[in-house]
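Observations on chain architecture
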Amino acid sequence: MLTVGGLNAWYGKSQVVNNVAFEVGRGKTLGLLGRNGVGKTTTIRALMGLVDRAGRITLNGRQLDNLPVYKIARSGLAYVPQGRHLFPHLTVEENLRLAWHGAKFDNDVLERGIGHFPPLSELLNRLAGNLSGGEQQMVAIGRALLNQPTAILMDEPTEGLSPLFQEKVGAVIENIKASNIAIVLVEQNLNLALNTCDEVCFIERGSVVHKCSAADAKSPALLETFLGVGGSLRK
Ligand SMILES: Nc1ncnc2c1ncn2[C@@H]1O[C@H](COP(=O)(O)OP(=O)(O)OP(=O)(O)O)[C@@H](O)[C@H]1O
Ligand SMILES: [Mg+2]
């Protein structure tokens, strides 16, 4: 269980996240939805300790907000950043090896990184920067799965991907859920988000302004109010 309470975050003197609170259990997905620039990425980065922040963050009862970033990354909280952030001049396998926290990088570890998307096994020696956007996203997700996290923060995993790859990402997220991992998902593909999430938080100007079940969030009136896209859901 990932719990977040009273989370605030700043860039310099400018406060971007205000008093955000939520919790997400293992095998559940919580969506953070909101217009561009409302602070979704900053919220995620604050959880990882990558921006100035204050608040209470616990994972399975362990307090994380007092830990340095490298210990947060080793606590069972994994991060799939917006824009993927692979090392483009390293191979796929090198990207995975760099992310591994353990001593011996064996086939079991490798399998955790590529097993969710088998075509990666043919691409291990390719430079990550030469992969398609969809393949790169699969490496970024695999990298997050290597260390057997109990919670994953995923920031716009379908951004810039073809509809086919967006569906593949959706299927991978379902598999991650089924393996009893808690997921916090920032996602602009509303169909994917609302079909994958259990609960959603709508965010405006860094604050959670509405929290409800994903089923209730399918209301066109709600989507119009918080995202300006009422009626855009696929029936
Ligand atoms: N490194 C930074 N320094 C200063 N301000 C920043 C920085 N990164 C983001 N911001 C500002 O913080 C606010 C929130 O940005 P953030 O990236 O968290 O939004 P977002 O909801 O993820 O947006 P998007 O949907 O476009 O990804 C924006 O006003 C943005 O301009
Ligand atoms: Mg963002």
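Heads up: these notes are all about the structure in this document. Position numbers for residues start from 1 in each chain and track the written sequence from start to end. To read the labels, note that chains go from A and ligands from 1, taken in the order they are written. A pLDDT threshold of at least 70 governs which residues receive local features in this predicted model, and a stricter bar of 80 or more applies before side-chain atom pairs are shown or counted, although totals over entire chains, interfaces and linings include all residues.

Hydrogen bonds between backbone groups are what pair the strands of a sheet, and the pairing can be parallel or antiparallel. A strand pair is defined by DSSP finding two or more bridges across the two strands. Helix numbering and strand numbering both begin at the N terminus, where a helix is a DSSP run of H or I of at least 4 residues and a strand a DSSP run of E of at least 2. Strand order in the open sheet formed by six strands is β6-β7-β8-β3-β9-β10, with mixed pairing between adjacent strands. If you trace the sheet from one side to the other, it starts and ends with β6 (77–80) and β10 (207–213), each paired once. Strand after strand, the sheet turns through a mean of 20° between neighbouring axes, direction not considered. Where strand β3 (residues 29–33) meets strand β8 (residues 182–186), four bridges bridge the pair, whose relative direction is parallel. Within β8, the residue paired with leucine 32 across the bridge is valine 186. C-beta atoms are placed from the backbone for every residue, and two residues are taken to be in contact when these atoms lie within 7 Å. A fitted line through C-alpha atoms serves as each axis, taken over the contacting stretch for helices, and the angle formed by two N-to-C directions is quoted from 0 to 180°. Together, β3, β7 (151–155) and β8 form the strand contacts of helix α6 (residues 163–178), whose direction differs from that of β8 by roughly 150°.

Moving on, we come to helix α5 (residues 133–145). Here a helix's expected span is defined as the number of its residues, less one, multiplied by 1.5 Å. Along its 13 residues, α5 runs 19 Å from first to last C-alpha, staying within 8% of the 18 Å computed at 1.5 Å per residue. By the criterion of burial, α5 is predominantly enclosed, with ten of the 13 residues buried. Exposure in this text rests on C-beta crowding, where 20 or more other C-beta atoms within 10 Å of a residue's own make it buried, 12 or fewer make it exposed, and counts in between make it partly exposed. The C-beta atoms are placed from the backbone. Listed as buried for α5 are Gln136, Gln137, Met138, Val139, Ala140, Ile141, Gly142, Arg143, Ala144 and Leu145. Tucked inside the fold, the buried residues of α5 contact β6, α3 (92–99), α4 (107–114), β7 and α6.

For the purposes of this analysis, a nonpolar core is taken to be any set of buried Ala, Val, Leu, Ile, Met, Phe, Trp, Tyr and Cys residues that are connected through C-beta atoms within 7 Å. One finds Val80, Ala144, Ile152, Leu153, Ile183, Val184 and Leu185 to be the most contacted residues of the largest nonpolar core, which totals 64 residues. It is α5 that contributes the most residues to this core, six residues altogether. Residue contacts for valine 184: discarding those within four places in its chain leaves Leu2, Val24, Leu30, Leu32, Ile44 and Leu153.

With that out of the way, let us pick up the site of ligand 1. Taken together, Tyr11, Val16, Gly34, Asn36, Gly37, Val38, Gly39, Lys40, Thr41, Thr42 and Gln82 make up all the residues around ligand 1. Of all the elements, helix α1 (residues 40–47) adds the most residues to the shell around ligand 1, at three residues. Class assignment of the residues belonging to the shell around ligand 1 gives a composition of three nonpolar, seven polar and one charged. We call a residue near a molecule or strand if the C-beta atom, set from the backbone, is within 6 Å of it. Gly falls in the polar group here, along with every residue not listed as nonpolar (Ala, Val, Leu, Ile, Met, Phe, Trp, Tyr, Cys, Pro) or charged (Asp, Glu, Lys, Arg).

Functional significance is not addressed by these values, which are geometric in nature.
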